[in-house]
Structure formats: structure tokens, C-alpha cells
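Residues per chain, in single letters:
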Amino acid sequence: MEKKIITLRVNKQDYELYINPKTLLVEAIRDYIGLTGTKRGCETVSCGACSVLVGDLAVKACSVLAMQCDGMEITTSEGLEDNGKLAPIQKAFLDEGAYQCGFCTSGMLMTTSGLLKENANPTKQEVKEAIEGNICRCTGYNSIVRAVERVAKGMYKEESL
Amino acid sequence: MTTTSLAKEKLHVINTHVHNIDGIAKVTGRATYSFDVKLPGMLYGKILRSPHPHAKIINIDASKALALHGVKAVVTGKDTLGVKQGIWRRYSELCDEQILPVEKVRYIGEPVAAVAAITEEIAEAALDLIEVEYEVLEGVYEPYEAMKKEAPEIHEGVERNINVTRHIEWGDVETGFEQADYIREDHFFCGGQAHMCMETRSAVASYTPEGKLTIYHSNQSAYYMQALMAGVLGMKEGNVRVIAQYVGGGFGGKFELDGAIFTSCILSMKLHRPVKVIYTREEDFIATKRRTPMHYWVRTGIKKDGTFCAREARVVSNGGAYTGMGATALYLTGFFHSFPYRWENYRYDGYRVYTNTLPSTSMRGFGAPQAMFCSEQQLEWIAADLGLDPIEMRRKNGHYAGYEVPGQAFIASCGLDEAFTVMKEWIAKKGKLPANRGIGFSAAGFMSGGIFNWFDTPYSFSSAVVTINQDATVELHIGATEIGQGSNTTMAIIAAETLGVKVEDIKVHSGDTDHCPADLGAWGSRQTLMTGNATKRACEDAKAQLLEFAYAKMGLNIVYDLDIKDRWVHIVARPERGMPFDELVTIALRGKDGQRIIGRGFYTPHRKGMISPAYSYMLQGVEVDIDPETGKIELLDSLTAHDCGQPINHLGLIGQLEGAFSMAAGYGYLEYMPYEDGKLMNPNLVDYKMIRATEMPETPIHDIDTYEPEGPYGAKEAGEGLTNPTAAAIGNAIFHALGVQMKECPIRPHMIVDALKEKAEKEKAGK
């Protein structure tokens, strides 16, 4: 297949890529751009480890082609912080110990970030439903839910301004 | 055990709210796993796997694959030394696995050849071009079939395919049963379970012309990998460096050699270039190892008043194609089946049988979840049969501090009694439940590291080296492997507490065999106690050296004690008198003619019986709702009562217990591995069901305060043991909700529907 030139705007930086049109977004991010915070855990769109934000929407980066995101704004876990200053959701993950091995963490951060953009004050059930497509084998999820609740309660508001 | 208030140290760091020391790396995407490693000039490897469960390899022709543009090498068993390896190194007959077999394959998915190419796509395409000629042999998949005289021989000379037998016995079982008023026996089956680490097996190997091999590998014991790889490659251990800095989960599945590390090394040695091999999720399901499936037969004798008289159990386990850690699982299931009770008479016989299926091995709980599923459900049914209170019956026979498991183990700390009280209150508060809803609980205990040395290491089980820098920062070198359980943080906390500094003063170096002392690694819940003791001793050594200078400088009466807390060196009786820690370091450096202060510590258990230096105790309660039409199980609530001695890392403990619950609950009713003619039918995350966020109930934890004298600051195991009781607790909840006895795990919906049907028919016939 003929290769194409596309532009992905990842974490506020434009990357011009010359890629095979079949390349998945996750491959573009990891293998072409070299941002390895985004992980892969399956081949069946089942684990959520590769979740990123496309615009404000949490998307599993193995479920879309890089081509489909040409010109779009993409945020990965590396893009959450602002020059070393952690985002509220990152602080909340630290405070709740909402990660262990860390391999699902980037995906969890992006999925919950997407949720909070859509719904700043989700119920516990809404948080659980939002991360239902993300597998964490270590934590049992409840600490992740508590972390999102912390952010929703505005516990990091002053610091993040 | 209690200490007087004068002697008791006030803890400053331990059990406080501390962030994981690698937390920022993990929440910012900076943590780099073997999965992410990319080296200059790196090639990509792929593994060709056997489609047959049992077959002789007649010929492998790789010429077409080698002709494909971009393919750099193809290796087969003939390119290796053909060493039969295993983790039970002391027992050559249990070293039975060639990772690239030379003569025959014994399960579907076993590696047959490996390709290195300039891209992963080319390597994958090359696999299709390798021509393998097999002579297909008859396969056997179930242990009872494999034990038959006429069954095919899986390993040459292994009679009836019996791989390992284990016998545990104390007391006089026959006499015990004679004393019993009531005897009950049941058959159970506990299935396998996939470790399902989020990071699949991943390795990057780089062999250089100096004859040195560097391996980035996702594992639970960098030292084991170093030693095992040196063995199969005929190299000196010192020339093999294994790095496992960030590991995406282990759960008992990553401390044996796997195809990723083995083939990446073989290919890299052939090509003198770095080679990366990562497993797909499907490969991780079909070609790693799994929790050991076990057929259990349990016979229990008890008096009318609830006194336990005798227990006898027999296990036949499906070993799959190779031994792995399965031999240990076979032993530990038999030992922990007796837990947490004082059986005066106990006998266990275990048989591990080879079959042509995925090898089985250790997985979180190490045989004990299977043991408890059978034991704790049968005890519940016995209590119901005899009209006894299931909590009081268990409490009456429970372990206590000071008890000795005859000839096996000494229990120095035990919070079981309080756990029963907590559980009783929780259940009472729930009151009367609506129809189809039930509460069940299960007790369990677990070890804090194993005493056995089948690996035959000449080193201490754990070692630590601590170095004090001139600016009073601290380097801690340990061989422990951080796999997400938080061991680096635990050791940093222990070091900070012991040296009297802050957690942020400690830099932990682990998971790199070139720079860290040998340590058996992260399995069997051993690191908190064993590496923790080594770390504490190393810090005490360094601290004693420093305090010599403080005593000299301060010119104190010899009866005064000095200590360091929060970076302040002071007289214990007069804490305001002292000096800053960094000032003492400067003095000590000068006094030692510039030599750094280096403390060394090690730990190997001695005189602690045969199993473990210390035991944790726990009760897991669950409330479930079952739809009787469909058999669907919903977890509504839970309670964990847990004794891990002195908790070290508060946040880490909660995370470990919640995580153990989710994995154990998954084993109880979701995680099912069906095989047909040796083929796993659901090797993907769509069809292999596990607990997701919406299935998790609330997980309140009641921590029971005990002090374990053998552990660092009184600590013992947490996080693995809680995998043990949950499947049984779910079974017991179903029993109380519906009156049916579930004898197979995972408990699947159709089994509940069938059991209800059977129950209804029986009741009809009875009327």
C-alpha cells in the first residue's frame, strides 16, 4: 500500500509522519513518534492500555488508524503534565496509590481524563462504567475510582490553577 | 508478642502515608518497561509455535524464510546446547524443559523455531515460510487419563506420566478418624487461571563481542534469570546481566525462563545484535504457564462439639507438559490445605501428572487458593450438617501465636481470633437478606517467603548494601525485584526508618544483576520479610558505624543511647541534644579518611521449620446476589480482616489486598481456561473473562495489629495470601443463598442452574 504523509498533533507538538495507511494510532504514537507511555496489552481492543485522548474523547489507540486522526489533537499520558507540574488526575493517582505495576496506568489516566472532561462530577457507578474497558490486573480498580472522586471533589483545584 | 513501652521504638516512617517511590515515573509515562526498550541496531524476533499437542520434530527447513528480504537468522533447538532446564535445579529429573525443543513438542504453542528480522512484520511473515515436518503422536490432556498404563509417554522413562509426588503427614490419621463423630468426604475440581500480566512476556537481549550478554526482561527475579540463562547458554553468571527495572506484573508467572528471553538471547548471540521478542496476548495465554488445575479429594473427621479430629486429602494435578514451579505448588497446596487449623492428625498425598497441555506452575497463592476452595467449603457444609456455628467451629480449632504445626512450622504471631470476631460482627450487621442473596466467608493463612532451596543458590536468600553519600543521601542496593507490588517503596521505608532519615533521601537500586546483590526475587511473598530484614541489617550496620563517631564527638556517658530520627542524631533520653544527620556524615567521612560508610545486610531463614519463617492470617467475607434463572453471580459487598503483622507501607497494603481480592474473585467465578484436545479455546481478552471495574464491590479492610518477631519491624506477608480465601467465600455465599454446594471452580452460571435443578428434583422426590 502506498505510504501517506499525515500530521498528528500529539501533546501540543506537530509530528509529520510518512506511514503505511494501515498503521494504527497506537503504533504511530509508540513506534514512529517514540512516546512509549502509551502501552499495548492485547490485539482485540479489550484492555484499554493504549487509551489516549483524541480531542476531548478517550479512545483506544488500537481501534483507530493513524490516518483517521490526521490533523487531530491527541493527548497521551506524557502530555498530562505541564513542564513537570502534574495534572490533578496524576496527583490523585499518587495519593490513592491507584497504580501498581503501572502498565495500565497511562490508559487509565487518559480514560478517566476523558470522563472528567465530559462529566466533571461523575458518580461512582459512572466512573466504574467509564473504565470498564480498561483492565488493571493489580489494583482491583477501587483505588482508581477513589482517585477520580478526589479530582471530582475539587481536591486539587487550587494547586492546579 | 508485646514489647514494653520503654523498649518499643516509636515508628516515624513505617505505616505512614507515603507515595510509591516510582509513582511519578508511572503516572507520567516515563517508566520504561522491557516492552518499551529500543536499542540501536535492534532486530525483532518472532517465535514459530507447535500446532500439535504432541509430536516428534522430524525436520525443520528454514531456507525459504532465510531468503526473505530482511530476515537475519532462524534458530531451532539444534542451535542451542539442548540443556534441559528447570527452576528445581537441585533435582535433575525435574529439569525437563528445553525452551526450543530438539526432538519433540509436548503442547500446542511450544516454541519450535525463532526468526530475527529488521521489522516485526517481516519476522512474522518469515514464520509462515518455515517448513516443519512433524510425526504427530497421540496426546493426553487430563491427569487421570495420563496416569493410565496405556497412556502415551510424554517424557521418556516417566512411568504413568507421574512427574512429582508429595506426601505430608503428622499425627495418627486412622485413630483420628476413629475418634470422630462425623466424617464427610467430597471431591472437588479447581481449574487453571492465567496470570494475565498486563505486560506480556518481553525481552531485549544484546550480546556483544566481549562475550557479555545484557538482557532487559520482564520478570520477578533478575537473579534467577541470570543464573538460568547462564546455565542454558554455558556462560558464567557474571557475564550475563539481567535488567528488570519496571515490570508489568508477575503474579507467579514470571520467574521461570520463557520463550521471549530464551529466543532473544539465542538470536542475539548468533547475530551480535540486539534482538527484541515480545509476546502477543494470544502467545501469552497459550505459551507461558498457568495456575495448576487440581482434583481434590478431602475427608474430614470431626466431633459433635466441633473439635477437628483428622483430615486427609489427595490431589491429582494437571501438570501440563513441564515441571516449572509446579512441584512447589503441589507441596504448598498440601501444606496450606491444613491452614489455619490445628489438625492433630493430618495426611496429604499429591500427584502431579504430565499432560500435553500448557504447563502449570505457581500463581499468586501458590496452590493455596485451590486448597482453601475445597477445605473452607467442606467445613461450611460440615458446620451446617452438624448445626454448628461456622465461625465458632473454626475459631475453636484455629491457629494461635505459639502454636506449632507438628514438625512443620512455628506460628509466632497470629491475628486469626480477632479476624473471626470482626467477621462475626459484619455478618450480624447484615441482618436478614432477601431471597437469592447470601454471605459467605473463608479463612486462610499464608507464608512470608519459602525456606526451601531447590534452586540451589549458594547466596543468602536476600542481601542489601547501603551507602551513605557525603550529602547524607543514601543509596540502597537490593536484589529484590519490583513488579508493581511496591517492594522498592517498602525497602525505602524500612531504610529510612532504620537510618533515621526521610524516604526521599533513599535512592533504591534494584532489578539489575550487575549492580545489585543476589536475591531470590519476588515470589512466595518473600521480599518484605527477607529483603526487608537484609535492608534493615544493612542500615543498622551503617548506622552503627556512624554512631561511633557521634558517641566520640558528643563524649557521652556510656549508659546513654543515641539514635537518629528525621535526620536528627540525638540522645534518646534527651532528644533535643544532638546534631543534624548530614553533620555526622561529614564527621564520619573525615574520621574514616574519606571512606564512604557502607552497610551490609543479609538474610537466610534458619531454625524456622520447613516452610516459612512467618505466617499471615486472613478472613475474606463476600455478599453475593445470584439470579437463579441464569446463574449469574453479582458481588455486592465484601469485608477483609487481615493480619500482616506490622504494616510497612499503608497505601501499598490497601492496594495489595484490593488487588488480591479482584484476582481471587475472578478465579472464583469468572476466569476459566477450557481446553479441547490440548487447545485453549479462549486465548484472548474478549473470551477470557476477568473482574472489571463494574464487577468490583466495595473492599473495606480491617487490619489486625500483631507483631511478627522474625519480620523487619514486625512485618510479614501481605497481598498474596488474600488470593487464597475468596473463591471459597463465594462458594459459601452461594451455599447460604441457594442451598447448593459448588464443587468446581471457577463457579460458572450453568453450574448454579444445574445444581438448582438437581436440588429441586431431589426435593420433589423427597416429598
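Residues numbered from 1 in each chain as written. Chains lettered and ligands numbered in written order. Predicted model: local features only at pLDDT ≥ 70, side-chain atom pairs only at ≥ 80, totals over all residues. Heavy atoms only, no water.

Chemist: Would you take a moment to explain the overall build of chain A for this structure?
Modeler: What chain A contains, in helices and strands, is six helices and five strands. Expected size for 161 residues packed as a compact globule is a radius of gyration near 15 Å; at 16 Å, chain A falls within 12% of this value. Seen along its three principal axes, the alpha-carbon backbone of chain A occupies a region of about 50 × 35 × 25 Å. Taken over 161 residues, chain A has a buried fraction of 59%. For chain A, long-range pairs separated by at least 24 residues make up 56% of all intrachain contacts whose partners lie at least 6 apart in sequence. Accessible surface for chain A amounts to roughly 6,700 Å². Of this, 48% is attributable to carbon and sulfur atoms. Averaging the positions of the 19 positive and the 21 negative side-chain charges in chain A gives two centres separated by 4 Å. (Helix = DSSP H or I, 4+ residues; strand = E, 2+ residues; numbered from the N terminus. Rg over C-alpha atoms; globule rule 2.2 N^0.38 Å. Buried < 20%, exposed > 50% of the residue type's maximum accessible area, 1.4 Å probe, protein only. Contact = heavy atoms within 4.5 Å. Areas by Shrake-Rupley, 256 points an atom, 1.4 Å probe, with all protein chains shown as cover. Lys, Arg positive; Asp, Glu negative; His and termini not counted. Charge placed at Lys NZ, Arg CZ, Asp CG, Glu CD.)

Chemist: Got a minute to help me understand the packing of helix H16 (residues 650-669) of chain B against helix H17 (residues 726-738) of chain B in this structure?
Modeler: Packed helix pairs are specified by the crossing angle of their axes together with the interaxial distance, meaning the distance between the axes. All names here are of chain B. For the pair H16 and H17, the least separation of the axes is 7 Å and the interaxial angle reads 55°. Comparing the axis directions of H16 and H17 gives the class oblique. Our pair here, H16 against H17, has a crossing hand that is right-handed. On the side of H16, the interface is formed by Phe-661, Ala-664, Ala-665, Tyr-667, Gly-668 and Tyr-669, while H17 contributes Thr-726, Ala-727 and Ile-730. Residue composition of the contact of H16 with H17, grouped by class: seven nonpolar, two polar and no charged. (Axes fitted to C-alpha atoms, helices over the stretch in contact; angles between N-to-C directions. Parallel < 35°, antiparallel > 145°, perpendicular 65-115°, else oblique. Left-handed = near helix turned anticlockwise from the far one by under 90°. Nonpolar A, V, L, I, M, F, W, Y, C, P; charged D, E, K, R; others polar.)

Chemist: Explain the packing of aromatic side chains here, please?
Modeler: Pairs of aromatic rings are described using the distance from one ring centre to the other and the angle between the two planes. All names here are of chain B. Enumeration according to the criterion identifies 33 aromatic pairs over all chains in this entry. Plain terms: the ring middles of Tyr-223 and Phe-455 are 5.9 Å apart, the flat faces sit at 70° to each other, and that makes the pair edge-to-face. Taken together, the residues Tyr-223 in helix H6 (residues 222-233) and Phe-455 in the loop between strand S20 (437-447) and strand S21 (462-468) connect sequence positions 232 residues apart. Each member of the pair, Tyr-223 as well as Phe-455, carries the same accessibility label: buried. An angle of 70° between the planes, with centres 5.3 Å apart, marks the rings of Phe-308 and Tyr-341 as edge-to-face. Of the two residues, Phe-308 is situated in strand S15 (residues 308-320) and Tyr-341 in the loop between helix H9 (326-336) and strand S16 (345-354); the sequence distance between them amounts to 33 residues. Joined through ring pairs, the aromatic side chains of Trp-88, Tyr-91, Tyr-223, Tyr-224, Phe-255, Phe-366, Phe-452, Trp-454, Phe-455, Tyr-459 and Trp-523 make up one cluster. Here the guanidinium or amino end of Arg-291 rests over the ring plane of Tyr-667, the centre of that ring lying 4.8 Å away. Seen from the ring of Phe-177, Arg-299 lies directly overhead, with NZ or CZ sitting 4.0 Å from the centre. (Phe/Tyr/Trp six-rings, centres within 6.5 Å; stacked < 30°, edge-to-face > 60°. Lys NZ or Arg CZ within 6 Å of the ring centre and 35° of its normal.)

Chemist: In this structure, what is going on with the sheet that holds strand S32 (residues 701-703) of chain B? I would like to understand it.
Modeler: Backbone hydrogen bonds hold the strands of a sheet together, and the pairing may be parallel or antiparallel. Residues and elements named next belong to chain B. Strand order across the open sheet formed by four strands is S20-S28-S29-S32, with mixed pairing between neighbours. On the outer flanks of this sheet lie S20 and S32, each paired with one strand and no other. If you compare each strand with its neighbour and ignore which way they point, the axes differ by 15° on average. Inspection of the sheet shows strand S28 (residues 615-626) paired to strand S29 (residues 633-643) by 10 bridges, in the antiparallel sense. (Pairing = 2+ DSSP bridges.)

Chemist: Where do I start with the environment of B:Ala550 in this structure?
Modeler: All names here are of chain B. Note on placement: Ala-550 falls in helix H14 (residues 527-554). Ala-550 sits 35 residues away from His-515 along the chain, and the two C-alpha atoms are 31 Å apart. Look past the residues within four positions of Ala-550 in its chain and what remains in contact with it is Leu-562, Val-569, Met-579 and Leu-584.

Chemist: What is the right way to look at the side chain of B:Thr355 in this model?
Modeler: Residue and element names in this part refer to chain B. Mapping Thr-355 onto the fold places it in the loop between S16 and strand S17 (360-361). A distance of 2.7 Å separates a polar atom in the side chain of Thr-355 from a polar atom in the side chain of Thr-357. Ignoring any residue separated from it by four or fewer positions in sequence, one finds Thr-355 in contact with Arg-106, Val-140, Tyr-141, Glu-142, Pro-143, Ala-146, Ile-154, Asn-318, Gly-320 and Ala-321. (Polar contact = N/O pair within 3.5 Å; in protein donor to acceptor, adjacent residues only side chain to side chain.)

Chemist: What should I look at first to understand the nonpolar core in this one?
Modeler: Burial of nonpolar side chains together is a common tendency in soluble globular proteins. Within the largest apolar cluster, 251 residues are counted, with the highest numbers of intra-cluster contacts made by A:Phe93, B:Met229, B:Tyr615 and B:Ile734. The leading source of residues in this core is H14(B), at 11 residues. Discounting residues that sit within four places of it in the chain, A:Phe93 has contacts with A:Ala98, A:Tyr99, A:Thr105, A:Met108, A:Leu109, A:Thr112, A:Ile144, A:Ala147 and B:Val27. One finds A:Ile29, A:Val54, A:Val59 and A:Cys62 within the second-largest nonpolar core, a separate group that totals 22 residues. (Core = buried A, V, L, I, M, F, W, Y, C linked by side-chain atoms within 4.5 Å.)

Chemist: Could you clarify how one ought to interpret the state of the cysteines in this entry?
Modeler: Among covalent bonds in proteins, the disulfide is the one between the sulfur atoms of two cysteines. Residue and element names in this part refer to chain B. Considering all chains together, one arrives at zero disulfides over all chains under this definition. Among the cysteines around Cys-95, which has no disulfide bond, Cys-265 carries the closest sulfur, lying 18 Å off. Assessed through its relative accessible area of 13%, Cys-95 is described here as buried. Cysteine Cys-644 is unpaired, with the sulfur of Cys-414 as its nearest cysteine sulfur at 13 Å. (Disulfide = S-S within 2.5 Å.)

Chemist: Just to check I follow, could you spell out H16(B) for this structure?
Modeler: Along an α-helix, residues three or four apart share an orientation, since each turn contains 3.6 residues. With 20 residues, H16(B) should cover 28 Å at 1.5 Å per step; its first-to-last C-alpha distance of 29 Å lies within 8% of that length. Here H16(B) lies mainly inside the structure; 17 of its 20 residues are buried. (Expected span 1.5 Å × (residues − 1).)

Chemist: Would you mind going over unusual backbone geometry with me for this structure?
Modeler: Negative phi values dominate among residues other than glycine, just as trans dominates among peptide bonds. All names here are of chain B. The linkage connecting Phe-339 with the following residue, Pro-340, adopts the cis geometry, with an omega of -15°. Of note, Pro-340 is situated in the loop between H9 and S16. Of note, the bond from Cys-745 into Pro-746 is cis; its omega dihedral lies within 30 degrees of zero at 0°. Relative to the assigned elements, Pro-746 resides in the loop between strand S33 (744-745) and helix H18 (749-766). Unlike most non-glycine residues, His-272 shows phi in positive territory, near 55°. One can find His-272 in the loop between helix H7 (259-271) and strand S12 (275-278). We classify His-272 as partly exposed; its relative accessible area is 41%. Backbone geometry places Ala-472, a non-glycine residue, at a positive phi of 75°. For Ala-472, the location among the structural elements is in the loop between S21 and strand S22 (474-478). For Ala-472, a relative accessible area of 10% gives the class buried.

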